[in-house]
Amino acid sequence: MNSRTVEILVGVFMALFLLAMAFLVLKASNLTGISGNSGYQLHGYFENIGGLRARAPVTAGGVRVGQVSRIEYDAETFQAKVTLNIDEQYSSFPEDTTASIYTAGLLGEQYIGLEPGAEEDTLSAGDEITLTQSALVLERLIGQVLLNR
């Protein structure tokens, strides 16, 4: 092989390497929209969302079923309104489903866990999850422990 061919092959290899690294970075940071799954939106109101962020996972039974698409403050209820984008294939959550904010590990990222209830009627696009549990704020818990000593 002449040096020109080697240079072209190295360039192609480097371009493929950089594309693979960019894909891994986007996948690890939860920024990819590559999945293309259309879904439906549900809303939940929480008194305290802790460190929950947009694009955080939404799970049910440990399986990722969607992600948080938007977080905003509702001035009428004085609570955080969290919009969940649930994948289309998971369209049968009962109306009495509970949404709780959990932390992955001791200092990990926060996510929303859905626990299906027993109702026969299911949630549909735009519905509100009325049974919610806010995030456990470590500072508040420590403060309560110290006050009760």
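Preceding this section is the structure that the text describes.
In what follows, the accompanying structure is described. Only a predicted model underlies this, so the values are computations on that prediction, with no experimental measurement involved.

About the criteria used
- Residues take numbers from 1 onward in each chain, read along the sequence in its written order.
- With pLDDT at 70 or above as the cut-off, local features in this predicted model cover only qualifying residues; side-chain atom pairs require 80 or more to be listed or tallied, and sums for whole chains, interfaces and linings still use all residues.
- Water and hydrogen atoms play no part in the side-chain values, which are based on all heavy atoms of the structure.
- Nonpolar core, defined: a set of buried Ala, Val, Leu, Ile, Met, Phe, Trp, Tyr and Cys residues in which side-chain atoms within 4.5 Å join the residues together.
- Only protein chains enter the calculation, and the probe is 1.4 Å; a residue is then buried if its accessible area is under 20% of its type maximum, exposed if over 50%, and partly exposed in between.
- The helix and strand labels rest on DSSP assignments: H or I over at least four residues marks a helix, E over at least two residues marks a strand, and numbering proceeds from the N terminus.
- Working rule for contacts: check all heavy atoms of both residues, and any pair within 4.5 Å makes them a contact.
- Under the rule applied, a polar contact is a pair of N or O atoms within 3.5 Å (in protein, one hydrogen donor and one hydrogen acceptor; residues adjacent in sequence only if both atoms are side-chain atoms).

1. Quick word on the nonpolar core
Side chains of a nonpolar character, in soluble globular proteins, are inclined to be buried together.
Next up, step 1: Residues L84, I112 and L114 are the most contacted members of the largest nonpolar core, which totals 22 residues.
Next up, step 2: Counting only elements with at least two residues in this core, the list comes to β1 (39-46), β2 (57-60), β3 (63-74), β4 (79-87), β5 (98-103) and β6 (110-115).
Next up, step 3: In this structure, L84 is in contact with Y40, Q41, L42, V58, Q67, V68, S69, I112, L114 and I129, ignoring residues within four places of it in sequence.

2. Quick word on the side chain of H43
Next up, step 1: Mapping H43 onto the fold places it in strand β1.
Next up, step 2: Engagement of the side chain of H43 in a polar contact is seen with the side chain of T83, the distance being 3.3 Å.
Next up, step 3: If sequence neighbours within four positions are ignored, H43 has contacts with K81, V82, T83, G126, D127, E128 and I129.

3. A word on unusual backbone geometry
Next up, step 1: Of note in the backbone geometry, R55 takes a positive phi value of approximately 75° without being a glycine.
Next up, step 2: Relative to the helices and strands, R55 resides in the loop between β1 and β2.

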